[in-house]
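Take a look at the letters that make up each chain.
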Amino acid sequence: MSRIRSAATSALGANRRTVLAAAGAASLCAGVGHVLRPTESRAATAADASTASRKGGATAPLAPYTKGTTLASVAAPRTGTRYRRLGDGPGWAQVVRTELAAPKPGRADRRTAIAAFVQFTDMHLTDVQHPLRAEYVRAADPHAWRPQEALTVQGAISLVERVNALRCAPVTGAPLRFVMATGDNTDNNALCELQWYLQVMSGGRITPNSGDPRHYEGVQNSDLKLYWQPGSTARDGDKALGFPYLEGFLAAAIRETTSPGLHLPWYSTVGNHDTLQLGVYGSHADPYLAEAAVGGRKLMLVSAAEAGKFAATNKNGLDPTGSGYRDFLAAHARGMRSVTPDEKRAPYTPADYLKAHLDPAHQGAGPVGHGYTPANLDAGTQYYSFRVSDDVIGISLDTTDAGGHFEGSVGTAQLDWLRRTLKDNKDSYAVVFSHHTSRTMTNTRPDPARPGPASVGTPATRWSPSSPRTATCWPG
């Protein structure tokens, strides 16, 4: 039992651990990479092309270990098929990566740890009652909505607790120096989700609820068989596949909980769900969407054909401003259900995102701004660099495209800044963080706020780093 009482604790005895196990568990990613001694960041502006060097003494490594890590065991289905409870399964084998260099014999004896950090990615802290959420796409694709989504805050708190319990990097024994969250920290680009994310990371009390403060209002108490109805004994599609009846689940999921906050300093990288409404609609999205986000009507069910057409439109980037979504919702106005309006569901802007990170209330273990600085706010940028150690710099990119769609790209101004930063630090190793992978950098829509040269796609094949010591750290 976790030492932190969570919102998944009810009078009926449901606690966070048992609820996560019964629901199949929310999936959150953490990984160990290479970096050492974080210091202050430098905002990425047109005039800022260098980072200050910081000296620091070497820290003796601790003993490597496997207990409590994915090297020892990972969650796996216990028995049976369909939905089933999870238990401990075999650990993951270490894999030698060969993309950058061929492995040589005896490398384990020559290896020196220059850094160790923790990576979070795609936490998607989700307001599951948000009026604009398109859960109904599940009618065409069963994977488009997941029964455990109401537990994203509780799952993220458990992740923070786990990281706080780590002694050092498991394989090398090097001390862990910071955590980097590489984007999609929120799900619907809602102010309440941004608040939850910052409180999870820096510590504090969180009530993962919006709308009516007394009870949940959403698809999981709608009596619609398309969704798991945990508090109802009626048969639904998920129960037919083995999902449980859990009385008190929804009340527990929206109850106040507490995050201890990370004990390590943490940094933040932006993702498309942190910048665009629903992760796809651009900075000049139809104003109707912002109104609907805080309003009192929610669409929960459409036909499979309509759901499939809607999903295909967004997958192919055919509605970057959301005007098609406005028309889609208007056409289904009579099928909407009433929910409690809430201003906390309003979409937040990139400036809101920066101000929230710079707010002293969310400083936690630091650093101030978690990579972002007032210079970012002045310049309207969400990328930066920070000196990690004498010979390592960290670089956080903004790969979201304000023109819309979930695929990423890098603007020409940012790419020029990156090249200058690498050139000015050619004697250092560079670890580059971004939300999108090299294979998803295919979006070259122009930024409506910055008309001019188009964004640059697939940067992994187009960058010409000034130093052969450059590496990338992609999420996943």
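The preceding data block contains the structure.
Residues numbered from 1 in each chain as written. Predicted model: local features only at pLDDT ≥ 70, side-chain atom pairs only at ≥ 80, totals over all residues. Heavy atoms only, no water.

### Side note on helix α11 (residues 350–358)
Spelled out, the test is: Using a 1.4 Å probe on the protein chains alone, a residue whose accessible area is under 20% of its type maximum counts as buried, one over 50% counts as exposed, and one in between counts as partly exposed. The secondary structure listing takes helices from DSSP runs of H or I that are at least 4 residues long and strands from runs of E that are at least 2 residues long, numbered from the N terminus. It only takes one pair of heavy atoms within 4.5 Å for two residues to be counted as in contact.
Among the residues of α11, Y353, L354, A356, H357 and L358 are the ones counted as buried. Buried positions along α11 lie against α4 (191–202), β9 (266–269), α7 (272–275) and α12 (374–379).

### Side note on the packing of α4 against α11
When two helices pack together, their arrangement is given by the angle between the helix axes and the distance between those axes. Note the following rule: Lines fitted to the C-alpha atoms define the axes, with helices restricted to the stretch that makes contact. Angles between their N-to-C directions range from 0 to 180 degrees. Geometric relationships in this document are graded by angle, where less than 35 degrees denotes roughly parallel, more than 145 denotes roughly antiparallel, 65 to 115 denotes roughly perpendicular, and other angles denote oblique. The crossing is said to be left-handed when, going from far helix to near helix, the turn is anticlockwise and less than a right angle, and right-handed when the turn is clockwise. Classification used: nonpolar for Ala, Val, Leu, Ile, Met, Phe, Trp, Tyr, Cys and Pro, charged for Asp, Glu, Lys and Arg, polar for all others including Gly.
Their axes nearest at 11 Å, the elements α4 and α11 cross at an angle of 30°. Looking at the two axes, α4 sits roughly parallel to α11. Relative to α11, the crossing made by α4 is right-handed. In this structure, α4 uses L194, Y197 and L198 to contact α11, whose residues at the interface are D352, Y353, A356 and H357. Here the residues of the contact of α4 with α11 sort into 5 nonpolar, 1 polar and 1 charged.

### Focus on the pattern of salt bridges
Counted only if it meets this: Salt bridge criterion: a side-chain nitrogen from Lys or Arg within 4 Å of a carboxyl oxygen from Asp or Glu.
Following the criterion strictly, the structure yields 14 salt bridges and no others. For K298, the salt bridge is made with E135, and the minimal N-O distance between the two is 3.0 Å. Linking K298 in strand β10 (residues 297–298) with E135 in the loop between β5 (118–121) and α3 (152–165), this pair joins segments that are 163 residues apart in sequence. Accessibility classification places K298 together with E135 in one group, the buried group. Taking the shortest distance from any N to any O, the salt bridge between D212 and R214 comes out at 2.9 Å. Put simply, R133, E135, R146, E149, D187 and K298 are held in one network by salt bridges that share partners.

### Structural notes on the packing of aromatic side chains
Keep this limit in mind: When the centres of two rings from Phe, Tyr and Trp lie within 6.5 Å, Trp using its six-membered ring, the rings pair. Their planes under 30 degrees apart give stacked, over 60 give edge-to-face, and anything left gives tilted.
Applying the stated rule across the entire model yields 21 aromatic pairs. Ring centres 5.3 Å apart and planes at 75° place the aromatic pair F117 and F433 in the edge-to-face group. One end of the pair, F117, is in the loop between α2 (107–110) and β5; the other, F433, is in strand β14 (residues 429–433), with 316 residues separating them in the sequence. Take F433: its relative accessible area is 0%, and that puts it in the buried class.

### Digging into the side chain of D342
Stated formally: Nitrogen and oxygen atoms within 3.5 Å of one another constitute a polar contact, given that in protein one can donate a hydrogen and the other can accept it, and given that sequence-neighbouring residues count only through two side-chain atoms.
As for its placement among the helices and strands, D342 is situated in the loop between β11 (337–338) and α11. Overall, the relative accessible area of 8% leaves D342 in the buried class. Of note is the side chain of D342, whose polar atom sits 2.8 Å from the backbone nitrogen of G211. Here the side chain of D342 touches K344 through a polar contact of 2.9 Å, landing on its backbone nitrogen. Apart from residues lying up to four places away in sequence, D342 is in contact with S210, G211, A293 and V294.

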